[in-house]
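Structural overview
Here is how the chains run, residue by residue.
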Amino acid sequence: MNAYLPREAEIVERIQETPTVFTLKMRLTDDAPYAFDAGQFNMLYLYGVGEVPISIVAGDGESLTHTLRAVGRVTHGMAGLRVGERIGLRGPFGRGWPLREAEGRDVVVVTGGLGCAPAVSIIHHILSHRERYGRLTILQGVKHADDLIWRAQYALWSQQPEVQVLLAADVAAPGWGGHVGLVTALFDRIEFDAARSLAMLCGPEGMMRGSAEGLHQRGLAAENIYLSMERNMQCAVGHCGHCQFGAHFVCRDGPVFAWPEIRELLAVKGF
Amino acid sequence: MQHANFLLRSDLQQMLNIISGDGFRVLGPRLRDGAIFYEDLRAVDELPGGWGDVQSPGRYRLEHQESPRYFAWANGPQALKPHLFRPRESLWRVNREDGGELAFSEPAMPDAPLAIIGVRACDLAALELQDRHFLGSIPDPYYAARREGLLIVAVHCTHPADTCFCASTGDGPRAERGFDLALSELDEGYLVEVGSERGERIARRLPLQASSEAQRQLAAAEIEGAAARQTRRLPEGNLRDTLFARLDHARWDEVAARCLSCGNCTSVCPTCFCHAEQDVPALDATSSEHVRQWDSCFTEGHSYIHGIVIRAETGQRYRQWMTHKLGSWHDQYGRSGCVGCGRCLTWCPVGIDLTEEAQAICAPLKDEAEDKTGDAIEEGKV
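Residues numbered from 1 in each chain as written. Chains lettered and ligands numbered in written order. Predicted model: local features only at pLDDT ≥ 70, side-chain atom pairs only at ≥ 80, totals over all residues. Heavy atoms only, no water.

1. Thoughts on the overall build of chain B
- The helix and strand inventory of chain B stands at 15 helices and 16 strands.
- Its C-alpha atoms give chain B a radius of gyration of 23 Å, near enough to 21 Å, the size a compact globule of 382 residues would have.
- Principal-axis analysis of the C-alpha atoms places the extent of chain B at approximately 75 × 65 × 40 Å.
- A burial count over chain B gives 53% of its 382 residues as buried.
- Here the contacts in chain B between residues at least 6 apart in sequence split such that 72% fall between residues at least 24 apart.
- Carbon and sulfur atoms form 49% of the exposed surface of chain B, whose accessible area is close to 16,600 Å².
- Looking at charge distribution, chain B has the averaged site of its 41 positive side-chain charges lying 1 Å from that of its 57 negative ones. (Helix = DSSP H or I, 4+ residues; strand = E, 2+ residues; numbered from the N terminus. Rg over C-alpha atoms; globule rule 2.2 N^0.38 Å. Buried < 20%, exposed > 50% of the residue type's maximum accessible area, 1.4 Å probe, protein only. Contact = heavy atoms within 4.5 Å. Areas by Shrake-Rupley, 256 points an atom, 1.4 Å probe, with all protein chains shown as cover. Lys, Arg positive; Asp, Glu negative; His and termini not counted. Charge placed at Lys NZ, Arg CZ, Asp CG, Glu CD.)

Take a look at the structure:
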């Protein structure tokens, strides 16, 4: 088994979410099975350009969905992909969200920026196994109100029983109904039983650090706070060394970590 | 007790013949470009007979000496690393059909297994660490293919360089394990130790003679002498806690003022494993080669993510390297990532000495030292 070798995938749908954010739905062209856990990622390969690690938003037996932002060489190139075009895909890699540990508890999901993409799989999982989980609180922060993608989905989620959605934008726009400021300012509005809750955070590191501290202050135990980390990843199997973070390789041992596993280094610039 | 383990110098060629006759591609130390490298070896007169190396931080020179020995030197710039974990190699290839379909394929694996002659204890320890890294829960198929057949003839080190500190890391100068055969070189020939069944099968075909007590004592004394002559050492024990408690030590900036961030240290390090992947498309656009190449945590690209460089400053890169090599390696591989070969000192263009930097960073801090007894301060002295 060669973990480096990609499989071929065909783009079956493309959605432009914002001027720079786009969603690609794809299907593997071989017959080999594919299964993933929420929070894991795939390496997507653009022909002749290279690979990038991208978290899995959703998937079923038929297709896989990835949401990307065009920032580098590969993602800029992928922004130009059309339906029917082929890419490479290998995965899934890494350790995903602690959905089993979260059963029977209230769950808080805090995301920032495009951080909501890796967390969508959590929300889908909880909503499709509703009886296994307590209250679900979804908090999403963005820099500018226009950066918020999937507004309709947030509206839909907020109408589900026992689901609370809280949105924050540093800069509001006309019609913005959410909070103006940091997402952490919304923490005192979370309706949950902190002692029996579990939190999953995804987004910029500063936001995750602030959120972990804030939730901890509200009574959540440090070991019940989970974060999804990002680092340069090229091999995805703990060989290439770029994502080494203290005792861990983020690609293999993460990307999801319990806060105490990474808390000390997370506060230090340069790791 | 009879010890039929002595091989005359004039019979060493027979060993090479037996090994290559068994189907191995034989590599051994050879002179090239003023240094010693492991390269294809057919005849013993290609070995660096009568050559020694003089090393110090930032300096490496070969010197001719009046000695019949082939292995009277410490080490060259390369360990075994480039022969198992290639500096640059193709991971896979993709062909694009006219309809845009992509067909991925693996490269051919090597045919003849490798035999490496003249391997040092430090490099054997490094090989064991590369094994732990590349042959873990998700094995690297390319490393595994080369490693599987590898045959090793070690030579115990009797000529440490000024930069060597394997005695302090516990990795040398005697090769303790991981070899098929190990040799002690004396002026008139070799004491042969067997380390594996494969080694035993080779030894049985060698014209071995009885060794004398005097030869055995001399060989042991030369190895002990090689340990005793080493003057550099790393601070004792697991440095992880100390290093991570000193992430804001002033020395990181001080070393950064000297460090060129060139990455030479990581290239010559026998345990460094970082590599970058790159696509190399063919000019006719019908295929592309996915290649990996040694990378270094001293480059800007190493810590790049979506438009941000996490380690923009040299001090952060040096700290990343040392805290990983001497610190987090304990968590990841059960020991330090340093085997005391001294290459990072020798091949550093500005002569930065890892042992000196580690001593400086791990030395008791002023306010700590004042709280402790005189003995503790004495122990912590560089």
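Anyway, onward from the coordinates.
2. Overview of the layout of surface pockets
- Here the second largest pocket defines a volume of roughly 360 Å³.
- Forming the walls of the second largest pocket are 17 residues, and the residues nearest its centre are Gly246, Glu261, Glu264 and Leu265 of chain A together with Phe244 of chain B.
- Among the elements of the structure, α6 (259–266) of chain A together with α8 (240–244) of chain B are those that each provide at least two residues to the lining of the second largest pocket.
- Among the elements that make up the lining of the second largest pocket, the one with the highest residue count is α6 of chain A (6 residues).
- Per-class residue counts for the lining of the second largest pocket are 9 nonpolar, 2 polar and 6 charged. (1 Å grid on protein atoms, 1.4 Å probe; cavity = no way out; pocket = protein on both sides within 12 Å on 5 of 7 lines; lining within 4 Å. Points joined across faces, edges and corners; volume = space filled by probe spheres on them. Nonpolar A, V, L, I, M, F, W, Y, C, P; charged D, E, K, R; others polar.)

3. Side note on the pairing of strand β14 (residues 287–294) of chain B
Residues and elements named next belong to chain B.
- Bridging between strand β6 (residues 88–96) and β14 involves 7 bridges; their strand directions are antiparallel. Residue Val94 lies in a different strand from β14, and its bridge partner there is Ser288.
- With 7 bridges connecting them, strand β13 (residues 275–281) and β14 associate as antiparallel partners. Its bridge partner lying in β14, His275 is registered against Trp294.
- With antiparallel pairing between neighbouring strands as the criterion, β13 and β14 make up a hairpin whose turn holds 5 residues, including Ala285 at a positive phi of roughly 65°. (Pairing = 2+ DSSP bridges.)

4. Quick notes on the interface of chain B and chain A
- Of the residues lining the interface, 50 residues belong to chain B; the matching set on chain A comes to 40 residues.
- Both sides together, the interface formed by chain B and chain A hides about 3,700 Å², and carbon and sulfur atoms give 57% of it.
- On the chain B side of the contact with chain A, Leu102, Phe104 and Ile138 of chain B bury the most area, a combined 16% of that side's loss.
- Run the count over chain B and chain A and you get 0 salt bridges.
- At the junction of chain B and chain A, the tally comes to 25 residue pairs in polar contact (both at pLDDT 80 or more). (Buried area = accessible area lost by both parts, 1.4 Å probe. Salt bridge = Lys/Arg side-chain N within 4 Å of Asp/Glu carboxyl O. Polar contact = N/O pair within 3.5 Å; in protein donor to acceptor, adjacent residues only side chain to side chain.)

5. With respect to the side chain of Thr75 of chain A
All names here are of chain A.
- With respect to the element layout, Thr75 can be found in helix α1 (residues 73–78).
- Assessed through its relative accessible area of 6%, Thr75 is described here as buried.
- A polar contact is formed between the side chain of Thr75 and the backbone oxygen of Arg69, at a distance of 3.4 Å.
- When neighbours within four sequence positions are excluded, Thr75 is seen to be in contact with Phe22, Val52, Ile54, Leu68, Arg69 and Ala70.

6. Comments concerning the state of the cysteines
Residue and element names in this part refer to chain B.
- Under the definition given, this model contains 0 disulfides over all chains.
- A disulfide-free cysteine, Cys338 has its sulfur positioned 6.3 Å from the sulfur of Cys344, the nearest such atom.
- For Cys338, a relative accessible area of 9% gives the class buried. (Disulfide = S-S within 2.5 Å.)

7. What to know about the confidence of the model for chain B
- On average, residues of chain B carry a pLDDT of 94, and 95% of them reach 70 or more.
- Considering only residues more than four positions removed or in separate chains, one finds that residues 372–382 of chain B, a stretch of pLDDT under 50, has 5 contacts. (pLDDT = per-residue confidence, 0-100.)

8. Structural notes on the domain arrangement of chain A
Residue and element names in this part refer to chain A.
- Domain boundaries in chain A define domain 1 (7–93) and domain 2 (106–266).
- Computed from C-alpha coordinates alone, the two centres of domain 1 and domain 2 are separated by 22 Å.
- Contact between domain 1 and domain 2 buries roughly 1,400 Å² in total, counting both sides, with carbon and sulfur atoms accounting for 67%.
- Seen at the junction of domain 1 and domain 2, the total is 3 residue pairs in polar contact (both at pLDDT 80 or more).
- The set of elements that each furnish at least two residues to the side of domain 1 that touches domain 2 consists of β2 (21–28), β3 (41–46), β4 (50–55), β6 (64–69) and β7 (86–93).
- When grouped by side-chain class, the residues that make up the side of domain 1 that touches domain 2 number 10 nonpolar, 5 polar and 4 charged. (Domains from an automatic or database assignment.)

9. Some points on the sheet that holds strand β13 (residues 225–228) of chain A
Residue and element names in this part refer to chain A.
- The strand order across the open sheet built from 7 strands is β11-β10-β9-β8-β12-β13-β16, with neighbouring strands paired in mixed fashion. Taken across any chain shown, the strands that pair with only one partner, and hence form the sheet edges, are β11 (179–180) and β16 (256–258).
- Where strand β12 (residues 197–202) meets β13, 4 bridges bridge the pair, whose relative direction is parallel. Among the inter-strand pairings, Ala199 is bridged to a residue of β13, identified as Ile225.
- Across the sheet, helix α2 (residues 116–128) touches β8 (106–112), β9 (136–144), β10 (163–171) and β12, and the angle it forms with β8 is around 155°.
- Of the strands in this sheet, β8, β12 and β13 are in contact with helix α4 (residues 205–217), which crosses β12 at around 165°. (Axes fitted to C-alpha atoms, helices over the stretch in contact; angles between N-to-C directions.)

10. Brief notes about the pattern of salt bridges
- For the structure on display, the rule yields 42 salt bridges over all chains.
- Residues Lys25 of chain A and Glu13 of chain A are paired through a salt bridge, measuring 3.8 Å at the closest nitrogen-oxygen approach. Of the two residues, Lys25 of chain A is situated in strand β2 and Glu13 of chain A in strand β1 (residues 7–16); the sequence distance between them amounts to 12 residues.
- For Lys25 of chain A, a relative accessible area of 30% puts it in the partly exposed group.
- Salt-bridge contacts for Arg177 of chain B lead to Glu128 of chain B; the nearest nitrogen and oxygen are separated by 3.0 Å. With Arg177 of chain B in the loop between α5 (166–169) and β10 (181–185) and Glu128 of chain B in helix α3 (residues 121–134), this residue pair connects regions lying 49 residues apart in the sequence.
- Using a relative accessible area of 54% as the deciding quantity, one classes Arg177 of chain B as exposed.
- Relative accessible area serves as the criterion here: at 25%, Glu128 of chain B is assigned to the partly exposed category.

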